[in-house]
Structures are given as C-alpha cells and as structure tokens.
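# Analysis of the macromolecular model
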Amino acid sequence: MSGLAFRDVTLHVAGKKLLGPLSLDLAPGAVVTIMGPSGSGKSSLLAYLCGTLDRAFAATGSAMLDGTDLTGVAPEKRRIGILFQDDLLFPHLSVAGNLAFAIPANAPDRKVLVDAALAEAELDGYGARDPTTLSGGQRARVSLMRALLAEPRAILLDEPFSKLDADLRGKMREFVFAHIRMRKIPCLMVTHDEADAAAAGGYILRL
Amino acid sequence: MLRLAPPATLLIFLAPIVAGLLGTALPAFGWFPALGGHEFGFAVFARLFAQPGLGTSVALTLFTGFLATALSLTLALAFCAAAYGTRGFATAQRFLAPLLATPHAALAIGFAFLVAPSGWIARLISPELSGWTRPPDIATIQDPLGLAFVAGLMLKETPYLLLCLVAAIGQADLARSLATARMLGYGKFTAWAKIAIPRLYPQIRLPVYAVLAFALSNVDVALILVPTNPPSLSVLIVRWISDPHLDLFLPATAAGLLLFALVVVSIGVWRLGEIAIAHLARDWLTNGERGSRGAIRNSTARAMLALLFGLAIAALIALAVWSFTLSWRFPDALPDRWTNANWLREAPSLAAPATTTLFVALCATAIAILLSVLCLENEIRTGKRATKALALLYAPLLIPQVSFLIGAQTLLVRLNLDGGFVALVWAHLLFVLPYVFLALADPWRALDPRYARIAACLGASPLRVFFAVKIPLLLRPLMVAAAIGFAVSAALYLPTLFAGSGRWTSLTTEAVTLASGGDRRVLGVYAFTQAALPLIVYAMALALPAFLYRNRKGMA
C-alpha cells in the first residue's frame, strides 16, 4: 500500500514518556496536521520518521512508507523530505548549488531541473546568487524546491511558517501546499498555529 | 571505527608521556643498567642536592614562574575590565592571533635586541638622554632576578590568556549582566571585577595552569633571557643532559622529576590561592561598594597592554632591522650601513632548518586535525561527550616538557627510533594536538546539526554530508586550527632537540643556538624567518576561506 503510515509510535526520553502511542495513515496527497504545545514531542516525531532522532530518545513502534518498513533504514535512503522553520540553505553554496545538491546524482539534465525549480519559485535568474542576498520569502521558496528536487515520497513540515513575517505567511502557505498537492505525496505537518492547520485543510490531530 | 577515535587518540598521546615520565623516574631512583645502576634508592637525588647553585636555580624558577603568571593574568583581566566593549578591546583582539602565531623564541630574541644594554632602546635614548656613549654596564637581560625572563614570558602569555578570556566572554552572556550592574550604579571596573571575573575565571583555569607550568619549565625563552649562572632549573637540566660527560645525566633525571614535582605543587598552591581569594572576596562581592569610575586604573591597564603589544611588535621590527644591518655603531638610533648580504649569505644554510620546520609542522598539524575531527565527529554521532577523558589532552601542557622528554628519549634510543622523522613528528603532535582540538571543538559543536540532518533527508550519504556540507561549512575554523597547530609546531624547541637527537635542526633550534653567540645580524635573519613562517601560514589560512567564500556572506 502506498503512503506514509505509522503504528503505536511511542517516544521516551530519559525513561519518561514524551509522546504516544500514536498511529496514523496518510494516503498519497493527504495532508495531516499535528497540533500541540512546545515540548510535546512533535518535532521528535518528525525526526523519528526521518531517521535522525537524537540518541537521547528511545522509540518504539514502526513506520512504513509505500509499503516498506522504515526500521533501520538510513535517513538518506528513506526519501522523506523535511522543512524546518529556518530555511537552512547551505551558506557555502549558491542558490543553484543548493538546488543541485538535492537532485539525485544519476539524474540527466541537472541544469534544466535547477532552472525549472527556480522558475517554479518565481526566481528565474537567481541561480548564481548568494542565498543571504535573498529575502526571507524567497529563501523559504528555494528551501521547499530543494526538498522537492530530492524526489521525496513523503514530506514533513516542522512549523515551516513560524519565522516568516505575518503578511508573507499566507502566500507561503498557499505556495507550499499547492506544490505538495501537485506532487501527490503524503504530507505531515506539526505546528501550534491554527491558521497553518486551516490552510492545510486536512485532518487535524491534537496532542 | 569512529568509536575508536577517542581512545586511540588518548593512547597515541598519553602512553608515551607516561612511559617518558617512567623513563625519567627509573634512573632518578637508581635503576639505569647502562650506567651500572641496579639498585633503587635516593643516591641520585643526594647527588642532585649536592650540586652547587641548585637552591638558587629552584628559587629563580619559582619566583619567575609565579610572577610571570600572576602579572600576565592580572594584566589580561585588568585590560578586559578597562576596555571590554570599547574600540580598544576590538583593536587588541585583532593583534592576538598574529602575536600568538609568533614563536616565543623569536619574540624573546627580539626583546633582547630591544632591552639589552646595547639594545635599540638604549641606542634611541643615547647619548642625548642617557649620556651613554658606550653600552652601560647594567644587566638588563639575564638579570639575577630573572625580570627580563618574566617580561619575555608576558609578551606571549598575556595575549594567550586574553584570547582565552575573549573565548570565555563569548560563551557567557556577559553583556546583559554587566549592563545590569552598571544600572545598579557600579563603576565599569568594579562591575567587571564583581560580575565577570567570578564567572570567567573557572573557564580559564586550565589555561592559567598551563601558563604557570610553561613559565616554570620553559627552556627556549629561558636560554635567551635568564641569568647564566646559575640558570633556572629547566635550563640547568638541559645543560646537564647535553654535557658530553655522562656524569650529570643521572642528576639531570632527578632534576627532571624535581621540576615535575615543583610544577605539581605550584599548581596546587595556585589552586589554594584561588580558594583563599574566593573566600576573602565573598563579602566584598556583595558589600555594595560601587567603586569609583577608576579612570586612572582603566587607563593604566590599557597603557600597560599597549606597551606590551608595542614591545612585541618592536621586537619583530628589531629582528628585521638587524637582519638588514651591515654596521650599526652604538649610540646611533639606526644602522649606518644597510645590506641584504646577511640574507644572501645565510639563505643556503637557512634552507634545511626551514624545510624541516615546514614539513614537521605540516605533518603534525595534519595528523592533529584528522584525530580531532574524528573525535569530534564520534562525539556528535554518538551524542556522548568524552569531555572528561579528553581533558587529558591538556596533560602535555601541564607536565614540564623536559621531565618526560628525558625518559622518552632514552626510550626512543632503546626502540631505535631516536632521531627519526616519525619520532620528531610524534613529539610535535603531543603539543600540537591539544591546541588544534581546543580550536576546533567549539565551532564543531556549535554547527547547527540540522544542516547535516537536512542533507541526509535530501539523500546525501554520511560521507557526502561530511565532505560536501560539514567540511565546507567548517572550513574557516579548520584553517584557523591548522594555522594554530602550525605555529605551535614551528615554535617548539625542546621536543625538536630531544626527539630529533640533534640530527634535525629547525628554525627554532637554530635561532636559540645562535642566540648564545654574538652576531646579531645572523641571528636577526634566523629569528625573523622563524617569526615570519607561521605568520605567513596564518595569513594564507585566513585568505583561503576568505577567497573561496568571497561571495558568501553567510560564511563570514
């Protein structure tokens, strides 16, 4: 079966339960929002799904992506993309360099893919620029494009809009969700902003 | 594999030091079959204590060691108190790196060129101000109290402690605490003394101990600046070891242990002093005295530091001037005839020690960077900080070099490794690694871990994350650490002498050897080259990331 699913995921830290047990099924194209206060383990759940959970945490339960068990799979083999509240563009690479970093090594026409991504982000001709010369909104769009260029089979959003200016946030939500729906991949967002959940428009799980 | 990095590093590192100390201790307690010693006892110590002048040497060592450490620390703290947050503080910071990259010996030689009776300062004030028409008969260097030695040590140790303080200030959120104290009516200096010092001192404690150990046991600066008869204990030991008759070898091993004991006890005494001061200051911290504005105190501290930095820079200029001198009559302020002949004449004989210096420094630095990076990566991947174990990296900085190098050398002879390039690089690594690790640790740990995570989520393998993300992001601290490692190695005297068994000469050993001779022009050439090499490497290390990332503001 396709999509992202996890069963009875429980996270412990220092012997105390942080989150769970939690089970969810996300069909391709579905957007699910998890809402909860800070410290409720939302971000750790995403790290668990990515395979980058800090060793201080103990996790039980299982996660499946497109029918394969993710247990023990290295982060770089999972093909799960993630966006944080910071754009985390690599400061040593140009805008195009950041996008090219994400394209699988064997893909032909890397330059065409980069240019197409720049066009989608309404940033034609910005490829050679230093990421620091872009505005916050532009950087956020590059960050999303970078995540999508890696051809993820699911995408996770970790409070992706919380650091943007209020007037930009609405536009960015539209941009992000439009692009994710176009790709028809499951999307799991964690946030504590009700407006994020409303914009996502899918199922909302409150912790 | 990565897991083995910290224990392997410590093993490469500590095993030889422990073995070296044992190698010093066994003959000191009578066990040295090669010289017919088969019985444990205190006979060697008895011979040591019977040496004439030993008491004076020990007294000189303790006096200069404590004075140099106390003055360096006081000046560094007072300058921070007086200048923190001002433009002067930022200016001073810019001078720190080049000063620290300059070898001790070069600074000491240049300092001697300045303050010797026939030095530049005497020439500048003669005959108009002083009335001297020939060098006065005053011991301004190699003075019986060792004050020139203290000043020579301060030239390097004050900037070093200042650098440690700057790093500690960066970690503590001092600005707001100090602002709060100022709003409560505390003067700048008093606010610093009551708020900042109690929080900063614990962070610079180990560096202070390292300075104390260094001041008590240093050989190269001492050879240039301490009185010759009797000299400080460390110089005495080196003199005995290099004596062609082996009579004094056994007392030298006992003296090596004595110096080790002196350093251990001195650090203990210093610790007790810290406790006493903390105890005495407890009421003072909260007695509400705000302190006057302290303008005189502030300007004194700033003037003293400016004087110290000025002396260091003038010392380097003196080296350069002498290297281009053909003749320079005494009371003249400048040489009357200049020449490049000194350089042309010495160039062929400079080549070998310069090459040795370069290669040993590059090898030791490369190994140190590799080991440090492996340890730090292991720490990040396992999430376990081996802080306590890695504190042992400080050991070579706290143990007198001569104390374990005597034993290490006999060990190397036994293993037939003495005088080999491997032994030389290893001996340098002992001192390069702690500085490289310390320089890398903070930036490495401070790198936002999400860069590596997001790269992994984009499909990058751990190796690609390491080489395409972490190394480029940390290129600047890597280069700075490499430059520091290079400077440390280039400056090492005793390890080169001992592990090299006299078969390898570096710029430092050559300069120190020449310093006991007379020709300032030749010495100027060697000491200036010795100072210039690490400075050039430092400039290149800073230039590379600046050039590569000239269009990347986020990498500044």
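Residues numbered from 1 in each chain as written. Chains lettered and ligands numbered in written order. Predicted model: local features only at pLDDT ≥ 70, side-chain atom pairs only at ≥ 80, totals over all residues. Heavy atoms only, no water.

## Quick notes on the overall build of chain B
- Within chain B, the regular secondary structure consists of 24 helices and 4 strands.
- Against the compact-globule benchmark of 24 Å for 556 residues, chain B has a radius of gyration of 25 Å, which places it among compact chains.
- Considered along the principal axes of its C-alpha atoms, chain B spans approximately 65 × 60 × 55 Å.
- Looking at the 556 residues of chain B, the share that counts as buried comes to 53%.
- At a minimum sequence separation of 6, the contacts of chain B that also span at least 24 residues come to 80%.
- Summing over all exposed atoms, chain B offers an accessible surface of approximately 24200 Å²; the carbon and sulfur share of this is 69%.
- Within chain B, one finds 40 positive and 22 negative side-chain charges whose respective centroids are separated by 14 Å. (Helix = DSSP H or I, 4+ residues; strand = E, 2+ residues; numbered from the N terminus. Rg over C-alpha atoms; globule rule 2.2 N^0.38 Å. Buried < 20%, exposed > 50% of the residue type's maximum accessible area, 1.4 Å probe, protein only. Contact = heavy atoms within 4.5 Å. Areas by Shrake-Rupley, 256 points an atom, 1.4 Å probe, with all protein chains shown as cover. Lys, Arg positive; Asp, Glu negative; His and termini not counted. Charge placed at Lys NZ, Arg CZ, Asp CG, Glu CD.)

## With respect to the packing of aromatic side chains
Residues and elements named next belong to chain B.
- Going through the model one piece at a time under the given rule, you end up with 22 aromatic pairs over all chains.
- Ring geometry for Phe42 versus Phe45: centroids 6.5 Å apart, planes at 50 degrees, classification tilted.
- Among the residues examined, Phe42 registers a relative accessible area of 61% and is labelled exposed.
- For the pair Phe421 and Trp504, a centre-to-centre distance of 5.5 Å together with 55 degrees between the ring planes defines the contact as tilted. Remark: Trp504 occurs in the loop between helix H22 (494-499) and helix H23 (507-515) and Phe421 occurs in helix H18 (residues 421-446); sequence separation between them is 83 residues.
- Judged by its relative accessible area of 29%, Phe421 is partly exposed.
- Since its relative accessible area comes to 26%, Trp504 is described here as partly exposed. (Phe/Tyr/Trp six-rings, centres within 6.5 Å; stacked < 30°, edge-to-face > 60°.)

## Focus on the sheet that holds strand E5 (residues 68-69) of chain A
All names here are of chain A.
- What the 4 strands build is an open sheet, ordered E2-E1-E4-E5; its pairing is antiparallel. Looking at which strands have only one partner, the edges of the open sheet turn out to be strand E2 (16-26) and E5.
- For strand E1 (residues 4-13) and strand E4 (residues 57-65), the ladder comprises 8 bridges, and the chain directions are antiparallel. The residue of E4 that forms the bridge with Ala5 is Met64.
- The strands touched by helix H1 (residues 42-50) are E1, E2 and E4; relative to E1, the strand with the most contacts, the crossing angle is about 120 degrees. (Pairing = 2+ DSSP bridges. Axes fitted to C-alpha atoms, helices over the stretch in contact; angles between N-to-C directions.)

## Remarks on the pattern of salt bridges
All names here are of chain A.
- Taken as a whole and judged by the stated rule, the model has 22 salt bridges over all chains.
- The closest approach of N and O atoms between Asp87 and Arg139, which form a salt bridge, is 2.8 Å. Of this pair, Asp87 sits in the loop between strand E6 (80-83) and helix H3 (95-102) while Arg139 sits in helix H5 (residues 136-149), and the two are 52 residues apart along the sequence.
- Note on Asp87: relative accessible area 17%, which makes it buried. (Salt bridge = Lys/Arg side-chain N within 4 Å of Asp/Glu carboxyl O.)

## What about the side chain of B:Ser506?
- Secondary-structure assignment places B:Ser506 in the loop between H22 and H23.
- Apart from residues no more than four positions distant in its own chain, B:Ser506 is found in contact with B:Pro353, B:Thr357, B:Leu492 and B:Thr496.

## A few points about the nonpolar core
- In terms of nonpolar packing, the biggest core is built from 251 residues, with A:Leu188 and B:Leu233 touching the most fellow members.
- Among all residues touching B:Leu233, those that are not within four sequence positions of it are B:Leu54, B:Ser57, B:Val58, B:Thr61, B:Ala255, B:Leu258, B:Leu259 and B:Leu262. (Core = buried A, V, L, I, M, F, W, Y, C linked by side-chain atoms within 4.5 Å.)

## Side note on the domain arrangement of chain B
Residues and elements named next belong to chain B.
- Under the domain assignment used here, chain B contains domain 1 (1-31 + 345-556) and domain 2 (53-339).
- Look at where the C-alpha atoms of domain 1 and domain 2 centre, and you get two points 24 Å apart.
- Contacts between domain 1 and domain 2 engage 40 residues on the former and 47 residues on the latter.
- When the buried surface of domain 1 facing domain 2 is broken down by residue, Leu398, Arg520 and Arg521 rank first, second and third, together holding 19% of it.
- Put simply, domain 1 and domain 2 have 0 salt bridges between them.
- Between the two partners, domain 1 and domain 2, sit 5 residue pairs in polar contact (both at pLDDT 80 or more). (Domains from an automatic or database assignment. Buried area = accessible area lost by both parts, 1.4 Å probe. Polar contact = N/O pair within 3.5 Å; in protein donor to acceptor, adjacent residues only side chain to side chain.)

## Topic: the sheet that holds strand E7 (residues 154-158) of chain A
Residue and element names in this part refer to chain A.
- Ordered in space as E6-E7-E8-E3-E9, the 5 strands form an open sheet in which the pairing is parallel. A single partner strand is all that each edge strand has here, and the edge strands are E6 and strand E9 (203-206). Averaged over all adjacent pairs, the angle separating strand axes in this sheet is 20 degrees, with direction ignored.
- Across 4 bridges, the pairing between E6 and E7 is parallel. What sits directly across from Gly81, in E7, is Ile155.
- Contacts from H5 reach E6 and E7 within the one sheet, and its direction differs from that of E6 by about 170 degrees.
- Lying over the sheet, helix H6 (residues 166-183) contacts strand E3 (31-35), E7 and strand E8 (187-191), oriented at roughly 165 degrees with respect to E7.

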